[in-house]
Amino acid sequence: MTNPPSPSAPPETTPGSMSGSTPAPHDPVAAKLSTLDRFLPVWIGLAMLAGLLLGRLVPGLGDGLARVEVDGVSLPIALGLLVMMYPVLAKVRYDRLDSVTGDKRLLLSSLFLNWVLGPALMFALAWIFLPDLPAYRTGLIIVGLARCIAMVIIWNDLACGDREAAAVLVAINSVFQVVAFAGLGWFYLSVLPGWLGLEQTGIDASTWDIARSVLIFLGIPLLAGFLSRRIGERARGRDWYETKFIPRVAPWALYGLLFTIVILFALQGEAITSQPLDVVRIALPLLVYFALMWGGGFGLGAGLGLGYERTATLAFTAAGNNFELAIAVAIATFGAASGQALAGVVGPLIEVPALVALVYVSLALRKRFTARPGSPGAPLTQAAGSRHA
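Small disclaimer: the values here were computed from a predicted structure and weren't measured. In this numbering scheme, every chain counts its residues from 1 along its sequence in written order. Confidence filtering applies because this is a predicted model: local features only for residues at pLDDT of at least 70, side-chain atom pairs given and counted only at 80 or more, and all residues used for totals across whole chains, interfaces and linings. No hydrogens and no water enter the side-chain calculation; it runs on all heavy atoms of the structure.

Visitor: Is there a simple way to explain the packing of helix α4 (residues 75-91) against helix α12 (residues 251-267) in this structure?
Guide: A pair of packed helices is captured by two measures, namely the crossing angle of their axes and the spacing between those axes. Geometry is summarised by axes, namely lines fitted to C-alpha atoms with helices restricted to the contacting stretch, and by angles between N-to-C directions that run from 0 to 180 degrees. The numbering of helices and of strands both runs from the N terminus, where a helix is a DSSP run of H or I of at least 4 residues and a strand a run of E of at least 2. Put simply, α4 and α12 touch, their axes get as near as 7 Å, and they point 155 degrees apart. If you check the angle between α4 and α12, you find them roughly antiparallel. For the pair α4 and α12, the sense of crossing is left-handed. Only Trp252, Ala253, Gly256, Leu257, Phe259, Thr260, Ile263, Leu264 and Leu267 of α12 make contact with α4, whose side of the interface consists of Pro76, Ile77, Leu79, Gly80, Leu81, Val83, Met84, Pro87 and Val88. Its residues assigned to classes, the contact of α4 with α12 shows 15 nonpolar, three polar and no charged. Note on angle classes: values under 35 degrees are labelled roughly parallel, values over 145 roughly antiparallel, values of 65 to 115 roughly perpendicular, and the remainder oblique. Left-handed describes a crossing in which the near helix is turned anticlockwise from the far one by less than a right angle; the clockwise case is right-handed. By definition, residues are in contact when any of their heavy atoms lie within 4.5 Å. Gly counts as polar in this scheme, as do all residues outside two lists: the nonpolar Ala, Val, Leu, Ile, Met, Phe, Trp, Tyr, Cys and Pro, and the charged Asp, Glu, Lys and Arg.

What follows is the structure, given as structure tokens:
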């Protein structure tokens, strides 16, 4: 770990490096980052704009992309997510996972936020903001039930969160997702509305479809990351793996993220631009949801004394959602042209800029944490992008 930056260095509000570079500790924070990392919000904004324009201006592009799938899984999105997640999971120190599984405060807090508070909050917000739009309301409730197992890995890494903790928490969420998703859908769409005298509905969510989503979007990159570290360290040693291999593959996380964003926005570019008022109606409860879930997770982690890294991880794993699963369930139950499907699609389109903004909020709050020597959850004091095992 490098020394703290000099007093003249700018505040550490720059996201963690996706390029894996480790510049000298005395340079200003911004100078330590590659052009790719330094202008991350610009690249994400351009990717969103490019996707919207492609979807709107290229006839049939959205339909063409939607047809490139196997057994209901979009190949372009799957490719982007796998490329995005592999470099981050290749950085994880799998020999340290026991320090996370032994942290009961972190694990229990994550389970409460993800499987008790999250679905209940989205249910309440959907009914508050969309009482007159049942299709969009149902779509949002489905989004709230699908906990994130993919893009949260990127947001956590950008915010300099605990990589090992993120790997454990998304793995736990994936298991709960397979076991509990259908039951929670039945409860929040049928049972609870019935108790409250509200309109009831239902969903068609097979256990295999949910398990397949988990295996593809988490299992494949997790296994690849684990094998890369295992084989790389055995063949060439840890120093080579950390200083040579990781910097080579790390930029691909951002390339995968940008590619995924372009595809997502291109798939729904025409629908979004032709129904702007509907998108705004759907976006408002989502923005409130992301803010409250992230803020609640961050506040809970800070209150429990988890340290910056694990507090950030807790907040981002609580705020993110598995949009692929939510969209797949909405389409299978209500059809691709349904309002429920549109609400599912708007989810990640709002989540991307919202959580990018929260990355910067998280890093701005990092200086409020006091490092505890030897604690795996202690905040980083070095410049972003210089984390070393």
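Visitor: Please explain the packing of aromatic side chains as it appears in this structure.
Guide: Each aromatic ring pair is specified by the distance between its two centres and by the angle formed by the two planes. Planes of paired rings set the category: under 30 degrees apart is stacked, over 60 is edge-to-face and the rest tilted, where pairs are Phe, Tyr or Trp rings (Trp by its six-membered ring) whose centres lie within 6.5 Å. Throughout the structure, instances matching the rule amount to 15 aromatic pairs. Ring geometry for Phe123 and Tyr188: centres 5.8 Å apart, planes at 50 degrees, overall tilted. Remark: Tyr188 occurs in helix α9 (residues 163-195) and Phe123 occurs in helix α6 (residues 104-129); sequence separation between them is 65 residues. The same class applies to Phe123 as to Tyr188, namely buried. Between Trp294 and Phe298, the ring centres sit 4.8 Å apart and the planes meet at 25 degrees, which makes this aromatic pair stacked. Taken together, the residues span about one helical turn, with Trp294 and Phe298 both in helix α14 (residues 276-303) at a distance of four residues. The residues Trp294 and Phe298 share a single accessibility class, namely buried. The structure contains a cluster of three or more aromatic residues connected by ring pairs, namely Phe123, Trp127, Phe187, Tyr188 and Trp195. Stacked on the ring of Trp127, the Lys or Arg Arg137 has its end atom at 3.6 Å from the ring centre. Only when the NZ of Lys or the CZ of Arg is both within 6 Å of the ring centre and within 35 degrees of the ring normal is a charge said to sit over the ring. The lysine or arginine in question, Arg366, covers the ring of Tyr308, its NZ or CZ lying 5.8 Å from the ring centre. Summary of the burial criterion: residues with accessible area below 20% of their type's maximum are buried, those above 50% are exposed, and those between are partly exposed, where the area comes from a 1.4 Å probe applied to protein chains only.

Visitor: Explain helix α15 (residues 308-319) to me, please; I cannot follow it from the model alone.
Guide: Along an α-helix, residues three or four apart share an orientation, since each turn contains 3.6 residues. Expected span of a helix, by definition, is 1.5 Å for each gap between consecutive residues, and there is one gap fewer than residues. In this model α15 runs 16 Å from its N-terminal to its C-terminal C-alpha over 12 residues, within 8% of the 16 Å that 1.5 Å per residue would give. For α15, the full list of buried residues reads Tyr308, Glu309, Arg310, Thr311, Ala312, Thr313, Leu314, Ala315, Phe316, Thr317, Ala318 and Ala319. Close packing links the buried residues of α15 with α5 (97-101), α6, α8 (152-158), α9, α14 and α17 (339-365).

Visitor: Whenever I open this one, the packing of helix α7 (residues 134-145) against α9 confuses me. Can you help?
Guide: Here α7 crosses α9 at 150 degrees, and the two axes come no closer than 10 Å. In terms of orientation, α7 lies roughly antiparallel with respect to α9. Every pair of crossing elements has a handedness; the one defined by α7 and α9 is right-handed. Within the contact between the two elements, α7 uses Thr138, Ile141, Ile142 and Leu145 and α9 uses Gln177, Phe181, Leu184, Gly185, Tyr188 and Leu189. The residue makeup of the contact of α7 with α9, split by class, is seven nonpolar, three polar and no charged.

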